[in-house]
Amino acid sequence: MYLYNLTLQRATAITHAVHGNFSGTKTQEILLSRGKILELVRPDPNTGKVHTLMTTEIFGIVRSLMAFRLTGGTKDYIVVGSDAGRIVILEYIPSKNILEKVHQETFGKSGCRRIVPGQYLAIDPKGRAVMIGAIEKQKLVYILNRDAEARLTISSPLEAHKSNTLVYHMVGVDVGFENPMFACLEIDYEEADADPSGEAAQKTQQTLTFYELDLGLNHVVRKYSEPLEEHANFLVTVPGGNDGPSGVLICSENYLTYKNLGDQHDIRCPIPRRRNDLDDPERGMIFVCSATHKTKSMFFFLAQTEQGDIFKVTIETDEDVVTEIKLKYFDTVPVASAMCVLKTGFLYVASEFGNHFLYQIAHLGDEDDEPEFSSAMPLEEGDTFFFAPRPLRNLVLVDEMDSLSPILACQVADLAGEDTPQVYLSCGRGSRSSLRVLRHGLEVAEMAVSELPGNPNAVWTVRRNKDEEFDAYIIVSFVNATLVLSIGETVEEVTDSGFLGTTPTLSCHALGSDALVQVYPDGIRHIRADKRVNEWKAPGKKTIAKCAVNHRQVVIALTGGELVYFEMDPTGQLNEYTERKKLSSEVSCMALGSVNPGEQRACFLAVGLSDNTVRIISLDPSDCLSPRSMQALPAGAESLCIVEQPLETGSKPALHLNIGLTNGVLLRTTLDPTTGDLADTRTRYLGSRPVKLFRIRMQGNEAVLAMSSRTWLSYYHQNRFHLTPLSYECLEYASGFSSEQCAEGIVAISTNTLRILALEKLGAVFNQISIPLEYTPRRFVIHPETSHIIVAETEHNAYTEETKKQRRLQMAQEMREAAGTSTEEQQLANEMADAFILDVLPENIFSSPKAGAGMWASQLRVVDVGAGTTLQKLPLEQNEAIMALCIARWAPRGEIPTTYLVAGGSIDLLLSPRTCAQGFLNVYKMNNGVLELVHRTVVEGPVGALAWLGGRLLAGIGNVLRLYDLGRRRLLRKCENRHIPNLIVDIQPIGQRVYVGDVQESVYCLRYKKRENQLIIFADDTHPRWITNTCILDYDTVASADKFGNVAIMRLPSSVTDDVDEDPTGNKALWDRGLLNGASQKTEIVAVFHVGETVTWLQRATLIPGGSEALLYATLSGALGVLLPFTSREDHDFFQHLEMHMRSENSPLCGRDHLSFRSYYYPVKNVIDGDLCEQFNSLDMSRQKSIAADLERIPADVSKKLEDIRTRYAF
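Reading the values: the criteria
- Residues numbered from 1 in each chain as written.
- Predicted model: local features only at pLDDT ≥ 70, side-chain atom pairs only at ≥ 80, totals over all residues.
- Heavy atoms only, no water.
- Pairing = 2+ DSSP bridges.
- Helix = DSSP H or I, 4+ residues; strand = E, 2+ residues; numbered from the N terminus.
- Axes fitted to C-alpha atoms, helices over the stretch in contact; angles between N-to-C directions.
- Patch = residues over 30% accessible without salt bridge, like charges linked within 9 Å, V, L, I, M, F, W, Y side chains within 5 Å.
- Areas by Shrake-Rupley, 256 points an atom, 1.4 Å probe, with all protein chains shown as cover.
- Salt bridge = Lys/Arg side-chain N within 4 Å of Asp/Glu carboxyl O.
- Buried < 20%, exposed > 50% of the residue type's maximum accessible area, 1.4 Å probe, protein only.
- Phe/Tyr/Trp six-rings, centres within 6.5 Å; stacked < 30°, edge-to-face > 60°.
- Parallel < 35°, antiparallel > 145°, perpendicular 65-115°, else oblique.
- Left-handed = near helix turned anticlockwise from the far one by under 90°.
- Contact = heavy atoms within 4.5 Å.
- Nonpolar A, V, L, I, M, F, W, Y, C, P; charged D, E, K, R; others polar.
- Core = buried A, V, L, I, M, F, W, Y, C linked by side-chain atoms within 4.5 Å.
- Polar contact = N/O pair within 3.5 Å; in protein donor to acceptor, adjacent residues only side chain to side chain.

**Concerning the sheet that holds strand β66 (residues 766-772)**
Pairing is antiparallel in the open sheet, where four strands are placed in the order β34-β35-β36-β66. For this open sheet the edge positions go to β34 (407-413) and β66, each flanked by a neighbour on one side alone. Across the sheet, the mean angle separating the axes of adjacent strands is 20° when strand polarity is ignored. In this structure, strand β36 (residues 434-440) lies alongside β66, joined through seven bridges in antiparallel fashion. Bridging from a neighbouring strand, Ser434 pairs with Pro772 of β66.

The structure is reproduced here in C-alpha cells:
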C-alpha cells in the first residue's frame, strides 16, 4: 500500500505572532506561526478586514519568532528559531510574494532538544544582535550588521553557556546605543540535583540575569544576577535610550515587578483580581501575554491575565528613575497566545483556542472612571486590588478569523442531503467550544435581493464610460422584453438609456470609450454617448442565434451557421467585415477574449458547434475568419469563455479557453497567443446540469464563474489556481458587478429574483457554520434515525451550572452576614448580594471559573444540525465526566431492534496520578428527539472507550475490555480480557475481530470466540505508540494515530491466525512468552508518516460525489488532511521521483531536512508528501523546467498530475 499525503485545511491555531513593516512600505503586516506554517497577513486599515498575503509550509516546528530592524532601516527582517538546529533570518519580497532566506547558521542537532538553542529568541531593540537560547545550558549571541552593499550580515556565534541552568524566558534590554544587553529568567539546579533529600529543591530561587555583549571585545559577559522573590513566567522590555527608563518588567505569580541595573530600587505592584470571583481565592494569578505600544512621546503595555482581562500598564518616572507602576483595567478578550498592537490603532489577538480577533482601539482608557491601581498605594503583604470586569469599552471588534483549533472529534456525513458530504467537527475548549459544520465552498455574502416582475433569462452590467470606476446599468433580459436599471444609491428602472426594451437581449457591452452595444435576435443596436443610435438589421428571415462581444469587436452567428464580424474603427463606428464565414453546422456558443490595453483587437474567436467541436478562428486582418485550430469534445459545448490567467507553473499570464459541456463537465485548455493552438486540457465534473460560463473580475484579475447544479468560481489567488464551488443556492446567469458599496461583486439571477453577491474569503477551502457549546466537546455520535448529533461535553477544572448557582447563593449569604448591624449597611449589603446573583457575565468572553483539579462538569446535548438548534441538554452531577459514547441497537427477546445511546464515564477522576472513585455506563433511549435514561450501571474504573459488537456492547474500563448485554435494570457482564497493559482509549470491532488501542502500547488485535465466550489477544504491535485514535481500513488492516503526530498503518500478515486458544491454567504462558513479552504474533507496518501535529481523529471517507475513499485525519491545531491510496504503480513512481527532486531542489525554508522531519519518530515509509510536491507550482520557471526534464515531462504535465490526484479524491 502506497499513500499520498495532502492537507485540505491548514492548521488554524497560532503559536507566535509578530508585527512589523516586512514589505518595506508604511503598511504594517503580522507574521503568524501556525506550528509548521508561516503566514503573513495584513489588516486593511480602511475596512478592518485581515487579508492573507502568503502562506508557506516550512516542514519543521517554529519554536520562536521575532522581528527586527537594522538601525536606520525601513524594513523589518524575521528571525526564526526552529527544530532545525539552525538560526534562520528571512526577508519578505513583495514583488514575488515569498519569504526569502537571507542567512542560515547551523549550531546544533535537529529536533526539539533541551540543550539545543531555538526555544528562546531575544533581539536587541536597536537590531544590533540576537540571542538564541535553549531550555538548558546553551545560549548563543549573533551580531547583525550591514556590508558595503547594505546587505544584512551575521557574525559567528558568541557563547554565553552556563551548565546546570534552566531558562524560562529571555528578552533584549533597551539600552539605546550602549553595549547590547539581554535579560534572562534562569534557575540553577546544581545544588538541588546533588541533594537527595529534596530540601535544596524547595529553597532554589529563580534569578534574573543580565548578559552584556561587549562590541569592543566581541564577547558576552554575565554582568549581573539577582534572586527573585516569586517565581516569574515572563519578562517585558521597557523602552530605553531617549524613549524611556530602560529595564524590564517581571511578570510573576500575583505581582508585576520593575527591575533595572544601577541605583533603581524594585517597584512592585500586585496583579488586580476580579471582585466576587467564583474562582478559588487561594489560586495565584499570572499574566500570560503582553504587547507594547511605543510612539515618540509615550509608551504603554497591554498585559493579559489567564482569565483574559487586559490591563494597561504605564510607568511613572522622575529623571529616568522609575517611581511607580500604574495598572488600569482595559477590557476583557479571549485568552491569547500572542497580542500585537499596530500603529494603525488595531489590536490583533491570536487566541489560545478558538477564533482569532482584530480589535480597533477606540479609546486609550485614560478619561474613563475605571479605578487606576498603583504600586504607590499602601497594601498589606498578600493583599491585592479588586476590579469589576465589564463588556468592551475601549476596544471595538472589527474582524474575526475562524479557527478550528483544537479539533477533538470529526465525522464525514451527508446529514443535509446535499450530495456532497459535510465534515462535522467538535472544536474548541471550555465555554468557547463549538460544533462546526464544514462545507467545501466559498462563503457568499448577500448584499441585496430583489424580486423581478417575471423570470428573467440573462443579466449584464455595463459602464457608460471606460474611465468610470463603477458600473452604470444593470440590464435584465426577459423572454419578450429588456429591463434597464441604473445603479446609484438605489437601483431604479430607467427608460432613456437607448436600449430597445421591447425585445429580449442576447448580449450587451460597453463599446469603445463611451458607447454601448445591444445585440438582440433581429439586429445590433449601437448607442453613442449622445444617445444617437445606429442599427444593423439581420438579413431576410434570418435571426441572430449567438453572439460574442468585447469593447472593440462584435461577432454574431446567424441561423444556419453564418458568422458576421464587426470591428470598431478609430471614429467609433462599427464596421462589418466584407466577407462572412459559413460554418458546417449550427453554432451553439461563442466567445471572445478581452482586448488588452494598447491593442486593437482580440486575435481569436472561439466557436462551439453542434457537431461536438470547438473551432478557434483568427480575427487578424491578414487572415480574418480563417480557422486556426479545432478540438473534438466528448459532448456538446454549452458555453465558452476566454480569460487571461497566470499559468500554475509560472506567474506570466496566458490565455485559457474554458469550455462548459452539456454533460456538466468543465474543460480548461491553454490557448497559444500566436498560433491559436489548444493544449494541456484539464477536466473537472461540476454537476448534473449543462455548464454556463461567465467572465468576472476577482482581486483585479479575470476569473470565471461556472454554473451547473452548483456554481463554481475558477480564479487565481496567492500563486495558485483554485476551482471552488460557492456555498449558495443555484444560480442561472451572472455578470460582474462593481459599485461604491461592493467593488468586486456578482449580479446574478435565480428564478424571479435579482441578487447582488460578494465573495470575501477567497482562498478558503471550507465555509463553516458554528453552533456554540458550553463545555469541551469530547465525543459526538450521529443518531441514525433522526440524524441528530449527540455531543458529550466534559470540562475539567469546572463547576456545573447547579454548583455555580449554589456558590453564588452562598457568597451572597456571606455578603449579607458580613454587613454591620445598622439597617443602612444591611440594606446596601442586600442590594449588592441581589445584584451579584443576577449579574452573570457571559463565560465565552469572560472565561469560566476554575474549580481546581479533580472537579468535572459534564452534559449530553442533542443538536438538530439542520436548524442549528439545541433540542435538549442533559446535565450530569458535579464531578461526573462522560468520556465515551456509542450508538447501540438491542432487540429484547425477538422484538424489533431499538436504538439506544450508551454514555460511559467516571466519577471523581484525578488525571495525575490516574485514579477515580468509580465509573458508570448510562443507557439512554431516544423519544421524539429527547433522551430518557433507561438505567445506570456502576463499574470499577474509568470508561475510556465503547463500541458495538454484533448485538453486544464492548467497554474499555481502565485496562479491562469487557462485553456487556442489555438487562432490564442494568448491563449484564458476559466476558472480559484483563491483558491490556495501561488504559483502553479506542475500540474498533470488525466481524469477530476487535482492534483495541492502548494509551501507550499501540494496538492489540483480539478475537471474540462466541462459542467459548472469550476475548483473546492474538497479535500486537512491535512498537509502543501513544494512541489517540484508530480506524479500520479492512479486515486485516488498521490505521492508528498517536499523540506525537504520527499516522501508522498496520496490517496482519497472511501467516497470522486468529484461531488461538485462551490459557486458563497459565501453563502455556510459562513457556510461550511470545515476542517482546507480548502476543506471539506481530503486525507488520505498511506505512508510517509524521504529520507534525497531534492527530486526534481518523476516518475513512469519500469527500466528493463519485470520488474514491481516502483516510481523513484531523489535528489538534485545527488542520484537516487526507492520505490517498495510489491506484497505479506508474503514478507512485512519478510522485516518488518528483518528491525526491523537490527535496534536493527546494529545501525547507527554515533549514529542516524534509526527510528527517517526516521521519521524526519512525522512518517514513510508503507515504509521499503531497504538500512538498505541490510546492512545485511555486518554484521559479527554470527550476520547474529542470525538474520536469529529469522526469521526462514538461512543467504543465507535472502540474496536471498534481491537480488530477487532488481532484480525484478531494478538493
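There's more to say after this.
**Observations regarding the sheet that holds strand β22 (residues 267-270)**
Spatial strand order, β19-β20-β21-β22: four strands in an open sheet with antiparallel pairing. The two strands at the open ends of the sheet, each matched to only one other strand, are β19 (232-237) and β22. For this sheet, the mean inter-axis angle between neighbouring strands, taken without regard to orientation, is 20°. Judged from the five bridges that link them, β19 and strand β20 (residues 248-252) form a sheet pairing that is antiparallel. Along β20, the bridge assignment pairs Val236 with Leu249.

**What about a nonpolar patch on the surface?**
Among the surface-exposed residues, Trp1026, Phe1044 and Tyr1161 lie close enough to one another that they form a single nonpolar patch of about 290 Å² accessible area. Along the chain, the position of Trp1026 falls in the loop between β82 (1014-1020) and β83 (1027-1034). Overall, Trp1026 belongs to the partly exposed group, its relative accessible area being 31%.

**Describing the packing of aromatic side chains**
Going through the model one piece at a time under the given rule, you end up with 24 aromatic pairs. When the ring of Tyr4 is compared with that of Phe1126, the centres are 5.7 Å apart and the planes differ by 70°; the resulting orientation is edge-to-face. Residue Tyr4 is located in strand β1 (residues 3-9), and its partner Phe1126 is located in the loop between β89 (1120-1125) and α7 (1129-1145); the two are separated by 1122 residues in the primary sequence. Each member of the pair, Tyr4 together with Phe1126, is buried. Look at Phe210 and Tyr224: their rings are 6.2 Å apart centre to centre, the planes differ by 35°, and that puts the pair in the tilted class.

**Looking at the packing of helix α3 (residues 801-818) against helix α4 (residues 823-838)**
Their axes nearest at 8 Å, the elements α3 and α4 cross at an angle of 165°. Here α4 runs roughly antiparallel to α3, going by the angle between their axes. Helix-helix and strand crossings are classified by hand; for α3 and α4 the assignment is right-handed. Of the residues in α4, those in contact with Arg808, Leu809, Met811, Ala812, Met815 and Arg816 of α3 are Ala829, Asn830, Met832, Ala833, Asp834, Phe836 and Ile837. In terms of residue class, the contact of α3 with α4 is built from nine nonpolar, one polar and three charged.

**Topic: the pairing of strand β27 (residues 321-332)**
Across the 12 residues that make up β27, a large majority, 10, are buried. Two elements, strand β26 (residues 309-318) and β27, share 10 bridges in a ladder whose sense is antiparallel. Paired with Glu316 across the two strands is Glu324, which belongs to β27. The loop that links β26 with its antiparallel partner β27 comprises two residues; one of these, Glu319, has a positive phi angle of about 50°. Of the strand pairs in this sheet, β27 and strand β31 (residues 372-374) are connected by three bridges, and their pairing is antiparallel. Counted as the bridge partner of Leu327 is Phe373 from β31.

**Observations regarding the pairing of strand β38 (residues 458-462)**
Looking along a regular strand, one sees side chains alternate from face to face of the sheet. In terms of residue burial, β38 counts as a mostly covered element, since five of its five residues are buried. Both β38 and strand β39 (residues 473-477) contribute to a ladder of five bridges, which runs antiparallel. Within the sheet, the bridge partner assigned to Val459 lies in β39 and is Val476.

**A closer look at the nonpolar core**
Ranked by internal contacts, the top residues of the largest apolar core, which has 57 residues, are Tyr4, Leu425, Phe1135 and Leu1138. Sorting elements by how many residues they give to this core places β34 first, with five residues. The contact partners of Leu1138, leaving out residues within four places of it in the chain, are Cys1173, Phe1176, Ile1187, Leu1191, Val1198 and Leu1202. In this structure, Trp460, Ile475, Met707 and Ile749 belong to the second largest nonpolar core, which totals 45 residues.

**Details of the side chain of Gln264**
By the secondary structure assignment, Gln264 is in the loop between β21 (255-259) and β22. Given the relative accessible area of 11%, Gln264 is considered buried. Polar contacts involving the side chain of Gln264 include one to the main-chain amide nitrogen of Val322, which spans 2.9 Å. Beyond its immediate chain neighbours, meaning those up to four positions away, Gln264 contacts Tyr258, Asp320, Val321 and Val322.

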